[in-house]
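Inside the fold
In case you want the letters, here they are:
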Amino acid sequence: ALKVEGSTFKENNAAAATVVTFGSSSLTIVGSNFTNNSDDNGWGVVTVYSTGYVLIEGSNFTNEVEGTITQDINIIKDANVVIKDSTFNTKADVSIWAKNGTIELENNSITARDYPVFIKGDANVDSKVYLTVLEGKTITADYGDTLTLNATYTDDVGNPILDVANFKFTVNGNIVDN
């Protein structure tokens, strides 16, 4: 188990991996600041390479060094990750990237260059989320009409989530190709 509390990581560079790589049974990051850290390989500031439990609470991730990291939090293995009451303000492509595991988001402020939260592969979001289709409007369609469905998927405070693996639309009992 690893606990990082009240710590500051500022202007560090990881040439081969990340600033914090986690591969233990549990990781807790509380009340810590990660500021202008860089990673030459694009892995991120914190990489979770474990099947354990991760709690990130009340911490700040700020990166004004554009192009030096791909993501702030990189979840590779089947970890259970809880991120709450934290702030992400980054010029990275993605603030939180999850390939596997379960991620719970609660009361975070998340800003990134492209996607604040990116879900790929077998990762699941286990949080209060909102899906808004067609901006909440009702439309009338006739048989044979072609419709384009635009949906917005956000966490509990409106941070956009891009989930490239887990969305399927069902119309009249038939799954519509994503």
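Attention here is on the structure that accompanies the text. (Residues numbered from 1 in each chain as written. Predicted model: local features only at pLDDT ≥ 70, side-chain atom pairs only at ≥ 80, totals over all residues. Heavy atoms only, no water.)

1. Some points on the sheet that holds strand β10 (residues 60–63)
Taken together, the five strands give an open sheet; going across it, the order is β2-β6-β10-β13-β16, and neighbouring strands pair in parallel fashion. Pairing within the sheet leaves two strands with one partner each, and these edge strands are β2 (8–10) and β16 (109–111). Within this sheet the neighbouring strands show an average axis-to-axis angle of 5°, counted without direction. Judged from the four bridges that link them, β10 and strand β13 (residues 87–90) form a sheet pairing that is parallel. Bridge pairing links Thr-62 to Asn-89 in β13. (Pairing = 2+ DSSP bridges. Helix = DSSP H or I, 4+ residues; strand = E, 2+ residues; numbered from the N terminus. Axes fitted to C-alpha atoms, helices over the stretch in contact; angles between N-to-C directions.)

2. With respect to the pattern of salt bridges
For the coordinates displayed, the defined rule picks out one salt bridge. The closest approach of N and O atoms between Glu-5 and Lys-3, which form a salt bridge, is 3.3 Å. Look at Lys-3 and you get exposed, because its relative accessible area is 56%. (Salt bridge = Lys/Arg side-chain N within 4 Å of Asp/Glu carboxyl O. Buried < 20%, exposed > 50% of the residue type's maximum accessible area, 1.4 Å probe, protein only.)

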